[in-house]
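One letter stands for each residue in the lines below.
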Amino acid sequence: MSENNCIFCKIIAGEIPATFVHQDERCVAFDDINPQAPVHVLVIPREHLESLDEASQRDEALLGHMLRVAARIANERGLSESGYRTVINTGAGAGQSVFHLHAHVIGGRALAWPPG
Ligand code: 5GP
Ligand code: ZN
């Protein structure tokens, strides 16, 4: 199900270009347009879910799949040893700016903690 005026639904539909690094029947992953680290990939479900807060019990397998895809991409980019961060911002107050659920996969440089 595609949501009107959702940038990520448009990327999935091929209406906005993106550099895809993974595609399967449940999710896709592509490079972030404004990378915050040498590796910055977004893993998103094909189905439009606004945020993690909107996910329900029926989405449990999908969420697990997204995290496994995130780990596979990190591994393919050589981040397993150096480490990487998988982030889901939920709500504007936490920095969510695109309201289609997505997991950031960030790595390739030292990452500070706590985040801002
Ligand atoms: P959020 O702030 O919602 O957690 O993350 C949204 C991310 O989407 C940001 O890192 C932003 O750079 C990225 N982004 C926004 N618009 C586009 C776009 O059109 N293409 C790509 N590849 N990334 C985008
Ligand atoms: Zn969407």
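Rules behind the numbers
Residues numbered from 1 in each chain as written. Chains lettered and ligands numbered in written order. Predicted model: local features only at pLDDT ≥ 70, side-chain atom pairs only at ≥ 80, totals over all residues. Heavy atoms only, no water. Near = heavy atom within 4 Å. Polar contact = N/O pair within 3.5 Å; in protein donor to acceptor, adjacent residues only side chain to side chain. Areas by Shrake-Rupley, 256 points an atom, 1.4 Å probe, with all protein chains shown as cover. Helix = DSSP H or I, 4+ residues; strand = E, 2+ residues; numbered from the N terminus. Nonpolar A, V, L, I, M, F, W, Y, C, P; charged D, E, K, R; others polar. Salt bridge = Lys/Arg side-chain N within 4 Å of Asp/Glu carboxyl O. Buried < 20%, exposed > 50% of the residue type's maximum accessible area, 1.4 Å probe, protein only. Donors = N, O, S within 2.8 Å, 3.2 Å for Na, K, Ca; no water. Tetrahedral: all angles 85-135°; square planar, octahedral: opposite > 155°, others 65-115°. Phe/Tyr/Trp six-rings, centres within 6.5 Å; stacked < 30°, edge-to-face > 60°.

**A closer look at the site of ligand 1**
Link 1 in the chain: Lining the immediate environment of ligand 1, one finds 16 residues, of which Asp32, Asn89, Gly95, Ser97 and His104 sit closest.
Link 2 in the chain: Asp32 places a side-chain nitrogen or oxygen 2.5 Å from an oxygen atom of ligand 1.
Link 3 in the chain: Take His102: an N or O atom from its side chain is 2.9 Å from an oxygen atom of ligand 1.
Link 4 in the chain: Burial of ligand 1 by the surrounding chains reaches 84%, relative to a free accessible area of 520 Å².
Link 5 in the chain: Elements with a contribution of two residues or more to the shell around ligand 1: helix H1 (7-12) and strand E2 (27-31).
Link 6 in the chain: The dominant element in the shell around ligand 1, judged by the number of residues it contributes, is H1, at three residues.
Link 7 in the chain: For the shell around ligand 1, a count of residues per class yields seven nonpolar, seven polar and two charged.

**Some thoughts on the pattern of salt bridges**
Link 1 in the chain: Tallied over the entire structure, the rule returns four salt bridges.
Link 2 in the chain: Linking Glu47 and Arg58 is a salt bridge whose minimum nitrogen-to-oxygen distance equals 3.4 Å. Remark: Arg58 occurs in the loop between strand E3 (39-45) and helix H2 (60-76) and Glu47 occurs in the loop between E3 and H2; sequence separation between them is eleven residues.
Link 3 in the chain: We classify Glu47 as partly exposed; its relative accessible area is 26%.
Link 4 in the chain: Taking relative accessible area as the criterion, Arg58 reaches 61% and is therefore assigned exposed.
Link 5 in the chain: Residues joined by salt bridges that share partners form a network here, namely Glu47, Arg58 and Asp59.

**Considerations on the coordination of the zinc ion (ligand 2)**
Link 1 in the chain: Bound to the zinc ion (ligand 2) on the protein side are Cys6 (SG), Cys9 (SG), His48 (ND1) and His100 (ND1), at distances that span 2.0 to 2.3 Å.
Link 2 in the chain: Between the four donor atoms coordinating the zinc ion (ligand 2), the angles at the centre fall across 106 to 116°, so the site counts as tetrahedral.
Link 3 in the chain: Within one chain, the residues serving as donors to the zinc ion (ligand 2) are arranged as C-x2-C-x38-H-x51-H. Note that His48 is positioned in the loop between E3 and H2 and His100 in the loop between strand E4 (84-87) and strand E5 (103-107), a separation of 52 residues in sequence.
Link 4 in the chain: Classification of His48 by relative accessible area gives buried; the value is 7%.

**With respect to the packing of aromatic side chains**
Link 1 in the chain: Applying the stated criterion across every chain, the model contains two aromatic pairs.
Link 2 in the chain: Ring geometry for Phe8 versus Phe30: centroids 5.5 Å apart, planes at 80°, classification edge-to-face. Residue Phe8 is located in helix H1, and its partner Phe30 is located in strand E2; the two are separated by 22 residues in the primary sequence. The same class applies to Phe8 as to Phe30, namely buried.
Link 3 in the chain: Taking 5.9 Å as the distance between ring centres and 75° as the angle between the ring planes, the aromatic pair formed by Phe20 and Phe30 counts as edge-to-face. One end of the pair, Phe20, is in strand E1 (residues 20-23); the other, Phe30, is in strand E2, with ten residues separating them in the sequence.
Link 4 in the chain: Counting every residue linked through ring pairs, the aromatic cluster contains Phe8, Phe20 and Phe30.

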